[in-house]
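Single-letter residue listing:
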Amino acid sequence: MPQSLWKRHGLVLAAGAACIIVNGKGIGPLWLVGLALLSAGLLMRQAMTRAQRPPAEEAPPLALNVPVSGRWMARNGPAAKVPSHTHNLAQTYAIDLARRPAPAPVWLWPPTRRPGSYPSFGEPVLAPAGGRVIAASDKQRDHLTRTSLAGLLYVLLEGFVRSLGLPRHLLGNHLILDLGDGAYAVLAHLRRHSLKVGAGDHVLAGQPLAECGNSGNSSEPHLHFQLMDSPDITSAHGLRFTWWYQDDDGHEREGVPADNTCFAPIRTAPADSS
């Protein structure tokens, strides 16, 4: 019951912000109500994040296929720090993947770029293992990038606003796969109208599922990948995973690529095997 209540922290935060915004009389009853709601919402979110920390005894890492092909860069992954993102929404061991080379971030100009300017945009996203699609969404638009100074400031505010709503506002277009044995994979920020599968479909390892996009809480086209122990992203715990990959020096490795390093996948299972 408490965890179900904590999931509503976004509504409480939004209500608190609304009370403060519409208050036109300075510090008064409505302002104090808004402040109390904001404080309660933040406490609820912290409680939810604590509840999503991994248990003391974690399952061993699950060997999966890299869900892309070609040369990619790893960012915000668990090789350097845990949680790699945050425990919230089961992102403890999440990782972001982007194709390189790509347009470099700038301070001032251009403030935004079209997502098609980046090599990640439109790249195939593949099934990391055989499984069943339990959630599929691809109606959100692919927005302009936010890789300038103004864009990064904007995405911070945008991310907070998105966090007040349902998880899909952060994930953008996404898929959730049931891989069996209590493991669920999330593939997020997909391209609008690019899904090749729907809820209930069974997929094979290496099967094309969608295309990489720039939807949801995303500063540039990239793929967000995470593994979790429940289909409910608001209460699940993040799970560890390993990939086989080749680094830029030609060495084959097992694990998770380090942040800001480029790699190419080595398949651990044939595309026609589930």
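Structure report, in brief. No experiment lies behind these values; they were computed from the predicted model shown.

## A few points about the overall build of the protein chain
In terms of regular secondary structure, the protein chain is built from 5 helices and 13 strands. The C-alpha radius of gyration of the protein chain comes to 19 Å, within 12% of the 19 Å expected for a compact globule of 274 residues. Contacts in the protein chain between residues at least 24 apart in sequence constitute 70% of all its contacts with a sequence separation of at least 6. When the accessible surface of the protein chain is split by element, carbon and sulfur atoms take 59% of a total near 13200 Å².

## Concerning the packing of helix α2 (residues 9-22) against helix α3 (residues 29-51)
It is at 7 Å that the axes of α2 and α3 come closest, and there the two elements cross at 160 degrees. Taken together, the axes of α2 and α3 are roughly antiparallel relative to one another. Considering the relative orientation of α2 and α3, their crossing is left-handed. Its residues placed into classes, the contact of α2 with α3 shows 17 nonpolar, 4 polar and 1 charged.

## Remarks on the packing of aromatic side chains
Describing an aromatic ring pair means giving the distance of the ring centres and the angle of the ring planes. Enumeration according to the criterion identifies 5 aromatic pairs in this entry. Measuring from centroid to centroid gives 5.6 Å for Tyr245 and Phe263, while their planes differ by 75 degrees, and the two rings are edge-to-face. Taken as a pair, Tyr245 in strand β11 (residues 241-247) and Phe263 in strand β13 (residues 262-265) lie far apart in primary sequence, 18 residues in all. The exposure class assigned to Phe263 is buried, which follows from its relative accessible area of 1%.

## Some words on α3
Here α3 is 23 residues long and its end C-alpha atoms lie 33 Å apart, about the 33 Å a rise of 1.5 Å per residue gives. Buried residues of α3: Gly34, Gly41, Met44, Ala47, Met48 and Thr49, and no others.

## Some words on the side chain of Thr147
Secondary-structure assignment places Thr147 in the loop between β5 (131-137) and α4 (149-163). When its relative accessible area of 8% is taken as the criterion, Thr147 is described as buried. A polar atom in the side chain of Thr147 sits 3.2 Å from the side chain of Tyr118. If near-sequence neighbours (up to four positions away) are discounted, Thr147 is found in contact with Pro105, Val106, Arg113, Tyr118, Ser219 and Glu220.

## A word on the layout of surface pockets
By volume, the largest pocket is sized at about 800 Å³. What lines the largest pocket is a set of 28 residues, among which Asn76, His85, Asp96, Asn217 and Ser218 lie closest to the centre. Within the residue set of the lining of the largest pocket, elements represented by two or more residues are β3 (95-99), α4 and α5 (167-171). Examining the composition of the lining of the largest pocket, we find that 6 residues originate from one element, α4, more than from any other. Residues belonging to the lining of the largest pocket are distributed by class as follows: 9 nonpolar, 15 polar and 4 charged.

## So, the environment of Leu43
Along the chain, Leu43 falls in helix α3. For the pair formed by Leu43 and His9, sequence separation is 34 residues and the distance between their alpha carbons is 8.3 Å.

## Here we look at unusual backbone geometry
What is expected of a backbone is that most residues other than glycine have negative phi and most peptide bonds are trans. Here the amide bond leading from Val82 into Pro83 is cis, since omega sits at 5 degrees, within 30 degrees of zero. Note that Pro83 resides in the loop between β2 (72-75) and β3. In this structure, Pro101 follows Arg100 across a cis peptide bond, with omega equal to 5 degrees. Here Pro101 is to be found in the loop between β3 and β4 (124-126). In this structure, Asp181 takes a positive phi of about 55 degrees despite not being glycine.

## Notes on the pairing of strand β7 (residues 183-190)
Burial within β7 is extensive, with 8 of its 8 residues counted as buried. What sits between strand β6 (residues 173-180) and β7 in their antiparallel hairpin is a turn of 2 residues, with Asp181 showing a positive phi close to 55 degrees. Pairing of β7 with strand β10 (residues 223-228), which is carried by 5 bridges, proceeds in the antiparallel orientation. Bridge pairing links Ala188 to His224 in β10.

Calculation criteria
- Residues numbered from 1 in each chain as written.
- Predicted model: local features only at pLDDT ≥ 70, side-chain atom pairs only at ≥ 80, totals over all residues.
- Heavy atoms only, no water.
- Helix = DSSP H or I, 4+ residues; strand = E, 2+ residues; numbered from the N terminus.
- Rg over C-alpha atoms; globule rule 2.2 N^0.38 Å.
- Contact = heavy atoms within 4.5 Å.
- Areas by Shrake-Rupley, 256 points an atom, 1.4 Å probe, with all protein chains shown as cover.
- Axes fitted to C-alpha atoms, helices over the stretch in contact; angles between N-to-C directions.
- Parallel < 35°, antiparallel > 145°, perpendicular 65-115°, else oblique.
- Left-handed = near helix turned anticlockwise from the far one by under 90°.
- Nonpolar A, V, L, I, M, F, W, Y, C, P; charged D, E, K, R; others polar.
- Phe/Tyr/Trp six-rings, centres within 6.5 Å; stacked < 30°, edge-to-face > 60°.
- Buried < 20%, exposed > 50% of the residue type's maximum accessible area, 1.4 Å probe, protein only.
- Expected span 1.5 Å × (residues − 1).
- Polar contact = N/O pair within 3.5 Å; in protein donor to acceptor, adjacent residues only side chain to side chain.
- 1 Å grid on protein atoms, 1.4 Å probe; cavity = no way out; pocket = protein on both sides within 12 Å on 5 of 7 lines; lining within 4 Å.
- Points joined across faces, edges and corners; volume = space filled by probe spheres on them.
- Pairing = 2+ DSSP bridges.

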